[in-house]
Amino acid sequence: MTRGIRLWLVAAGGAGLAALLVAACLDLPRFGGDRHPYGDRAVRAALARHTANTVASVNFDQRAFDTLGEMTILFAAVLGCVVLLRQTRDEHRARPAPEPVARPVRRYALLVLPVALLTGLYVIAHGQLSPGGGFQGGVVAATALHLLYLGADYRALERVRPIGLYEVGDAIAACAYLVTGLAGLIGGTAFLANTLLPYGTFNTLSSGGTVPLLNAAIGMEVACAVVVLLARFLDQAVEIESLTGIKTPTDKERGK
Amino acid sequence: MTALMHALPYLVAVWVLLIGCYGLATSRNLIHAVGCLSVCQAATYVLLLAVGYRDDATAPVFSDIQPGSRPVVDPVVQALALTDVVVGATVTALLLALVVQVAKRHGTLDPDELSELRG
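Please read these numbers as outputs of a predicted model, since none were measured by experiment. (Residues numbered from 1 in each chain as written. Chains lettered and ligands numbered in written order. Predicted model: local features only at pLDDT ≥ 70, side-chain atom pairs only at ≥ 80, totals over all residues.)

**Side note on the overall build of chain B**
Turning to step 1, where the next piece is worked out: Scanning chain B for helices and strands turns up 3 helices and 0 strands.
Turning to step 2, where the next piece is worked out: Reading chain B from its N end, one meets helices and strands in the order α-α-α.
Turning to step 3, where the next piece is worked out: Rg of the C-alpha trace for chain B: 20 Å, well past the compact-globule value of 14 Å for 119 residues, more than 25% over.
Turning to step 4, where the next piece is worked out: Seen along its three principal axes, the alpha-carbon backbone of chain B occupies a region of about 65 × 40 × 15 Å.
Turning to step 5, where the next piece is worked out: Sorting the 119 residues of chain B into buried and exposed places 30% on the buried side. (Helix = DSSP H or I, 4+ residues; strand = E, 2+ residues; numbered from the N terminus. Rg over C-alpha atoms; globule rule 2.2 N^0.38 Å. Buried ≥ 20, exposed ≤ 12 C-beta atoms within 10 Å, placed from the backbone.)

What follows is the structure, given as structure tokens:
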């Protein structure tokens, strides 16, 4: 199929899709309207279970089973990346040489690193109270570690980041989520039902029953997963070299 | 006119989706195509948050407001948007890993040059 035909096909299909979607949009409830039956019920359920952040309550209490699926997707994606980006037979590992870093960059990175790490942990710990939670805080904490790569060099990062440990941490966090769910079954209720622990005082760290526990498990899982993912991509960029050299397209091929 | 104004956020989502699809179809670089897929996904964030919006409402977090004192936006779609972001990020990571492998095995990132099968 030539590019011309393909473009016409995309234009025809896109126009049809656009017409249908616009017709659907004009029939949707008014933007900013007052009718949100599910939202109102979710807010009521969250308040009944003493969880100040309704979004955390929806994620880790009312839709905890869906979050289990989401976590499994994340786990599977990390597994896929680890398999896809492994060192193959025709590649070898080169020790990256230490690179000089501009002094302001080094100072700023090392100054911000502990602050960013602490912010990540804070966001995870207060997931049931304030905006944020395990997913957001995990990403912040994991990327904070990589400031070491900017501020020092790759070897310094490798010293604080034993990949095996993070892979184990990823698996343990995924198991912790499952075990918390199974505890509900053993306690005589349902899988992942938030009825086992006392709901605590509203707007305190220990409120919300199992929400803080599941939140912490997700935070650990996301942090470990992001570290492992970034490590695999950094490995490809910094350490792994092909013996034959990656065949890059020549200028002639590229200009085609 | 007001009917159009009330549908405007939804129409923005439609536009973002279509522009992403156009980029996907005309892409000549796999990394660019992965970026276009992320643009398509961004349309779903716009749509979800537009569906959940309520006039004069604040975030559904009650750590600093009295429950019932103010209307809050729909927390269900916000949780869905969070799920969406996480899944989008993981899919992007996996696709980029595939792109790295394609670049290594075939020496090109142009999807049009990847037509032949190789054992």
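Following the structure, the description resumes.
**Structural notes on the environment of Leu230 of chain A**
Turning to step 1, where the next piece is worked out: Tracing the backbone shows Leu230 of chain A in helix α10 (residues 211–239).
Turning to step 2, where the next piece is worked out: The spacing of Leu230 of chain A and Gly33 of chain A is 197 residues in sequence and 42 Å in space, taken between C-alpha atoms.

**Some thoughts on the interface of chain A and chain B**
By a widespread convention, an interface's size corresponds to the accessible area lost as its parts come together.
Turning to step 1, where the next piece is worked out: With 47 residues of chain A at the interface, the matching set in chain B holds 46 residues.
Turning to step 2, where the next piece is worked out: Taken together, the elements giving at least two residues each to the side of chain A that touches chain B come down to α1 (3–27), α2 (37–48), α3 (54–62), α4 (64–84) and α10 of chain A.
Turning to step 3, where the next piece is worked out: With 10 residues, the single largest contributor to the side of chain A that touches chain B is α1 of chain A. (Contact = placed C-beta atoms within 7 Å.)

**What to know about helix α2 (residues 30–52) of chain B**
Turning to step 1, where the next piece is worked out: Counted at 1.5 Å a residue, the expected span for α2 of chain B with its 23 residues is 33 Å, and the 34 Å between its end C-alpha atoms agrees.
Turning to step 2, where the next piece is worked out: Three or more residues of α2 of chain B are buried, namely Leu30, Cys36, Ala43, Leu47, Leu48, Ala50, Val51 and Gly52 of chain B.
Turning to step 3, where the next piece is worked out: Those residues of α2 of chain B that are buried are in contact with α2 of chain A together with α1 (2–26) and α3 (75–106) of chain B. (Expected span 1.5 Å × (residues − 1).)

**Focus: α3 of chain B**
Turning to step 1, where the next piece is worked out: For α3 of chain B, which comprises 32 residues, the first-to-last C-alpha distance of 46 Å matches the rise-based estimate of 46 Å (1.5 Å per residue) to within 8%.
Turning to step 2, where the next piece is worked out: Gly107 of chain B sits one or two positions beyond α3 of chain B and adopts a positive phi of about 70°.

**What to know about the environment of Ala237 of chain A**
Turning to step 1, where the next piece is worked out: By the secondary structure assignment, Ala237 of chain A is in helix α10.
Turning to step 2, where the next piece is worked out: Separated by 142 residues in the primary sequence, Ala237 of chain A and Arg95 of chain A have C-alpha atoms spaced 12 Å apart.

**Comments concerning the environment of Arg30 of chain A**
Turning to step 1, where the next piece is worked out: Turning to its location among the elements, Arg30 of chain A is positioned in the loop between α1 and α2.
Turning to step 2, where the next piece is worked out: In this structure, the C-alpha to C-alpha distance between Arg30 of chain A and Ala190 of chain A, residues 160 residues apart in sequence, is 38 Å.

**A few points about the packing of α4 of chain A against helix α9 (residues 163–186) of chain A**
Residue and element names in this part refer to chain A.
Turning to step 1, where the next piece is worked out: One can describe the packing of α4 onto α9 by two numbers: an axis separation of 11 Å at closest approach and a directional angle of 160°. In this view, α4 runs roughly antiparallel relative to α9, as classed from their interaxial angle. Judged by the sense of rotation from one axis to the other, the crossing of α4 with α9 is left-handed. Here α4 contributes Leu68, Met71, Phe75 and Val78 to the contact with α9, which in turn contributes Asp170, Ala174, Tyr177 and Gly181.
Turning to step 2, where the next piece is worked out: Counted by class, the contact of α4 with α9 contains 6 nonpolar, 1 polar and 1 charged residues. (Axes fitted to C-alpha atoms, helices over the stretch in contact; angles between N-to-C directions. Parallel < 35°, antiparallel > 145°, perpendicular 65-115°, else oblique. Left-handed = near helix turned anticlockwise from the far one by under 90°. Nonpolar A, V, L, I, M, F, W, Y, C, P; charged D, E, K, R; others polar.)

**What to know about the packing of α4 of chain A against α10 of chain A**
Residues and elements named next belong to chain A.
Turning to step 1, where the next piece is worked out: With their axes 10 Å apart at the nearest point, α4 and α10 run at an angle of 20° to one another. Judged by the angle between their axes, α4 and α10 are roughly parallel. In this structure, α4 meets α10 at a crossing whose hand is left-handed. Judged by residue contacts, Ala64, Met71, Leu74, Val78, Cys81 and Val82 of α4 engage Leu214, Ile218, Glu221, Val222, Ala225, Val228, Leu229 and Arg232 from α10.
Turning to step 2, where the next piece is worked out: Residues that form the contact of α4 with α10 fall into these classes: 12 nonpolar, no polar and 2 charged.

**A word on unusual backbone geometry**
Turning to step 1, where the next piece is worked out: Despite not being glycine, Asn203 of chain A shows a phi value in the positive range, around 70°.
Turning to step 2, where the next piece is worked out: Within the secondary structure, Asn203 of chain A sits in the loop between α9 and α10.
Turning to step 3, where the next piece is worked out: Even without being glycine, Asp56 of chain B reaches a positive phi, approximately 60°.
Turning to step 4, where the next piece is worked out: With respect to the helices and strands, the residue Asp56 of chain B is situated in the loop between α2 and α3.
Turning to step 5, where the next piece is worked out: Residue Asp56 of chain B is classed as exposed on the basis of its 8 C-beta neighbours within 10 Å.

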